[in-house]
Amino acid sequence: MGKVIAQASMSLDGFIADANDQAGPLFDWYYNGNAEVTGTDFHTSPASAEYLRAAWPAIGADVIGRRLFDLTNGWNGRPAVGDAVFVVTHQPPAGWPYPDAPFTFVTDGLHSAIAQAQAVAGDRDVSITPGNIAGQAFQAGLIDEIRVDLVPVVFGAGVRYFGDYAGSPLLLDDPQIVQGDRVTHLHYRLRKS
Amino acid sequence: MTTVFEISMSLDGYVTAAGVRPEEPMGDGGQQLHEWAFGADERGREVLAESESKVGASIAGRRTYDLSVPWWGPDGPGGAARTPTFIVSHGTPEHVPEKSVYTFVNSPIEALERAAAAAGDKNVDVFSASIGQQLLRAGRIDEIHVHLVPVLFGAGTRLFEDLGGTHVQLEIIGVGEGSKATHLRYAVVAAP
């Protein structure tokens with residue numbers, strides 16, 4: 001079975017979207033270079049491209065919360081990463097116009113969503129896209145690794161990468177660091193207690 | 001003169017753990033935020049030494065002072081260097097160590113002006129979250145240096161919680177690998 005990895009771009013003060021649910025400059029690094037990443041429309045700096053080429057294909061399925069699904073309209077039915085998306089929600093959306101999209105609406109909780117995602121991913125990894133859902137996953141001890149694409153901006157308010165995580169302190173190993181253009185990629189492993 | 005807001009922070013944005021009190025000025029387990037500077041890691045010691053060599057004056061808030069003065073003693077946060085240290089405070093505390101480096105001033109801006117005069121060509125280092133944020137909002141911070149520590153605290157004092165929702169644009173100056181902290185240096189491009 002693969003790993004469960006929280007992954008997102010983040011402001012220096014820990015936000016994945018600002019107070020107006022906007023990403024501001026958080027995604028600029030995906031499009032500020034000439035290096036292509038196969039299977040995506042990204043054109044990044046060479047360093048970011050190399051980082052993505054190692055991380056991206058290893059992800060088999062993605063787990064997201066309902067808020068992100070609504071904000072992006074489910075990326076119009078095309079998974080942003082992985083082959084399948086599992087949306088944790090109380091109630092599936094009515095009339096979402098992409099019935100054939102590889103999206104599954106999971107109404108029996110986060111554990112179930114991750115288990116279903118792992119079944120699809122097989123040996124590959126499962127990503128969890130923050131915010132609140134990542135906080136819950138950390139709380140439940142379900143995360144193996146953290147990937148933060150740290151962007152040089154302070155938002156002051158917004159949607160937090162780590163949600164409302166309020167568990168006991170979690171120790172991480174020192175990260176692998178890749179410096180891109182206007183982004184610092186940080187890849188951490190959680191220490192198993 | 002460069003004004004630097006310098007602080008150690010957990011990956012989830014806290015500059016102390018929960019439970020800050022006189023016996024535990026960094027909160028329960030919060031000392032972990034400073035392990036990079038006082039541990040065996042050579043890179044950490046280099047980062048600390050480089051930072052200290054550039055600091056001409058320091059600014060802190062009264063709460064930081066109250067919690068830290070038992071450790072700092074009369075020499076202040078700069079230790080043997082006896083860096084002039086300006087504390088933003090309503091009034092002067094009853095007990096201040098004799099022959100100390102501390103000056104008590106009324107506002108962050110006054111602290112900055114006096115610290116700048118004392119620092120000469122060297123940097124002014126701000127290391128209280130609340131004072132740093134006030135100066136950042138006033139457009140008076142030139143650089144932010146964050147020592148990003150690989151831990152999630154889940155509670156404590158946040159580095160940036162008083163800024164409101166206005167973006168502060170930064171530019172990456174440098175990223176240093178280290179043991180128990182990643183050393184991030186940013187220039188402030190546009191303040192709120």
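First, a word on scope: everything that follows refers to the structure included in this document. Everything numeric in this text was worked out from a predicted model, so none of it was measured.

**Observations concerning the overall build of chain B**
- Within chain B one finds five helices and 11 strands.
- Here the C-alpha radius of gyration of chain B, 16 Å, is about what a compact globule of 192 residues would show, namely 16 Å.
- Projecting the C-alpha coordinates of chain B onto the three principal axes gives extents of approximately 40 × 35 × 30 Å.
- Evaluated residue by residue, chain B yields a buried proportion of 49% over its 192 residues.
- Taking as baseline every contact in chain B between residues at least 6 positions apart, the subset at least 24 positions apart corresponds to 70%.
- For chain B, the computed accessible surface area is about 8,400 Å², with 48% contributed by carbon and sulfur atoms.
- For chain B, the distance from the average position of its 15 positive side-chain charges to the average position of its 25 negative side-chain charges is 2 Å.

**Quick notes on the sheet that holds strand E7 (residues 143–149) of chain B**
- An order of E10(A)-E10(B)-E11(B)-E7(B)-E1(B)-E6(B)-E3(B)-E4(B)-E5(B) is seen for the nine strands of this open sheet, with the pairing classed as mixed. Edge positions in the sheet fall to strand E10 (153–154) of chain A together with strand E5 (102–105) of chain B, since each has one partner strand and no second.
- As judged from the seven bridges shared by strand E1 (residues 3–10) of chain B and E7(B), these two strands associate in the parallel manner. Its bridge partner lying in E7(B), Ile7(B) is registered against Val146(B).
- Contacts from helix H4 (residues 108–119) of chain B reach E1, strand E3 (55–61), strand E4 (85–88), E5 and strand E6 (123–126) of chain B within the one sheet, and its direction differs from that of E3(B) by about 165°.

**Details of the environment of Ile173(B)**
Residue and element names in this part refer to chain B.
- Secondary-structure assignment places isoleucine 173 in strand E10 (residues 168–176).
- When its relative accessible area of 38% is taken as the criterion, isoleucine 173 is described as partly exposed.
- With 114 residues separating them along the chain, isoleucine 173 and isoleucine 59 place their C-alpha atoms 22 Å apart.
- Once you skip the residues sitting within four places of it in the chain, isoleucine 173 turns out to touch Glu143, Arg185, Tyr186 and Ala187.

**What to know about the interface of chain A and chain B**
- Between chain A and chain B, the contact holds 36 residues from the first and 33 residues from the second.
- For the pairing of chain A and chain B, the buried interface totals around 2,800 Å² over both sides, and the portion due to carbon and sulfur atoms is 64%.
- Here chain A is connected to chain B by zero salt bridges.
- For the pair chain A and chain B, the number of links is seven residue pairs in polar contact (both at pLDDT 80 or more).
- When residues of the side of chain A that touches chain B are traced back to their parent elements, those giving at least two are strand E9 (145–151), E10, strand E12 (170–171), strand E13 (176–179) and strand E14 (184–189) of chain A.
- Classifying every residue of the side of chain A that touches chain B by side-chain character gives 24 nonpolar, six polar and six charged.
- Pairing between E12(A) and strand E8 (residues 151–152) of chain B: two bridges, direction antiparallel. What sits directly across from Leu170(A), in E8(B), is Leu152(B).

**Brief notes about helix H4 (residues 132–139) of chain A**
- All of the buried residues along H4(A) are Ile133(A), Ala134(A), Gly135(A), Ala137(A) and Phe138(A).
- Two residues or fewer after H4(A) comes Gly141(A), characterised by a positive phi angle close to 70°.

**What about the pattern of salt bridges?**
- Here the structure, examined in full by the defined rule, presents 14 salt bridges over all chains.
- Within the structure, one salt-bridge network assembled from shared partners comprises Lys3(A), Glu145(A) and Arg189(A).

**Observations regarding the side chain of Asp18(A)**
- Positionally, Asp18(A) belongs in the loop between strand E2 (15–17) and strand E3 (35–36).
- A polar contact of 2.9 Å, which involves the side chain of Asp18(A), links it to the side chain of His167(B).
- In this view, Asp18(A) contacts Phe155(A), Ala157(A), Gly158(A), Val159(A) and His167(B); residues no more than four positions away in its chain are not counted.

**Topic: helix H2 (residues 42–54) of chain B**
Residue and element names in this part refer to chain B.
- Look at H2: 19 Å from first C-alpha to last across 13 residues, which is about the 18 Å you get at 1.5 Å a residue.
- Turning to H2, its buried residues are Gly44, Val47 and Ser51. Take H2 and look down its axis: the buried residues cluster within an arc of 65°, on one side only.
- The inward-facing, buried residues of H2 abut E1, helix H1 (35–38), E3, E6, E7 and strand E11 (182–190).

**Some words on the environment of His147(B)**
All names here are of chain B.
- Take histidine 147: it is sitting in strand E7.
- Residues histidine 147 and leucine 33, spaced 114 residues apart in sequence, show a C-alpha to C-alpha distance of 8.3 Å.
- Not counting chain neighbours up to four residues away, the residues in contact with histidine 147 comprise Glu6, Ile7, Ser8, Met9, Trp36, Val47, Ala181, Thr182 and His183.
- Engagement of the side chain of histidine 147 in a polar contact is seen with the side chain of histidine 183, the distance being 2.9 Å.

**Considerations on unusual backbone geometry**
Residue and element names in this part refer to chain A.
- Residue proline 130 is joined to glycine 131 through a cis peptide bond whose omega torsion reads 15°.
- Mapping glycine 131 onto the fold places it in the loop between strand E8 (125–128) and H4.
- Non-glycine residue aspartate 21 carries a positive phi angle of around 65°.
- Following the sequence through the fold, aspartate 21 ends up in the loop between E2 and E3.
- Take aspartate 21: its relative accessible area is 24%, and that puts it in the partly exposed class.
- Positive phi values are uncommon outside glycine, yet asparagine 76 reaches one of about 50°.
- You can see asparagine 76 is positioned in the loop between helix H2 (66–72) and strand E6 (84–88).

About the cut-offs
Residues numbered from 1 in each chain as written. Chains lettered and ligands numbered in written order. Predicted model: local features only at pLDDT ≥ 70, side-chain atom pairs only at ≥ 80, totals over all residues. Heavy atoms only, no water. Helix = DSSP H or I, 4+ residues; strand = E, 2+ residues; numbered from the N terminus. Rg over C-alpha atoms; globule rule 2.2 N^0.38 Å. Buried < 20%, exposed > 50% of the residue type's maximum accessible area, 1.4 Å probe, protein only. Contact = heavy atoms within 4.5 Å. Areas by Shrake-Rupley, 256 points an atom, 1.4 Å probe, with all protein chains shown as cover. Lys, Arg positive; Asp, Glu negative; His and termini not counted. Charge placed at Lys NZ, Arg CZ, Asp CG, Glu CD. Pairing = 2+ DSSP bridges. Axes fitted to C-alpha atoms, helices over the stretch in contact; angles between N-to-C directions. Buried area = accessible area lost by both parts, 1.4 Å probe. Salt bridge = Lys/Arg side-chain N within 4 Å of Asp/Glu carboxyl O. Polar contact = N/O pair within 3.5 Å; in protein donor to acceptor, adjacent residues only side chain to side chain. Nonpolar A, V, L, I, M, F, W, Y, C, P; charged D, E, K, R; others polar. Expected span 1.5 Å × (residues − 1). Arc of directions from axis to C-beta.

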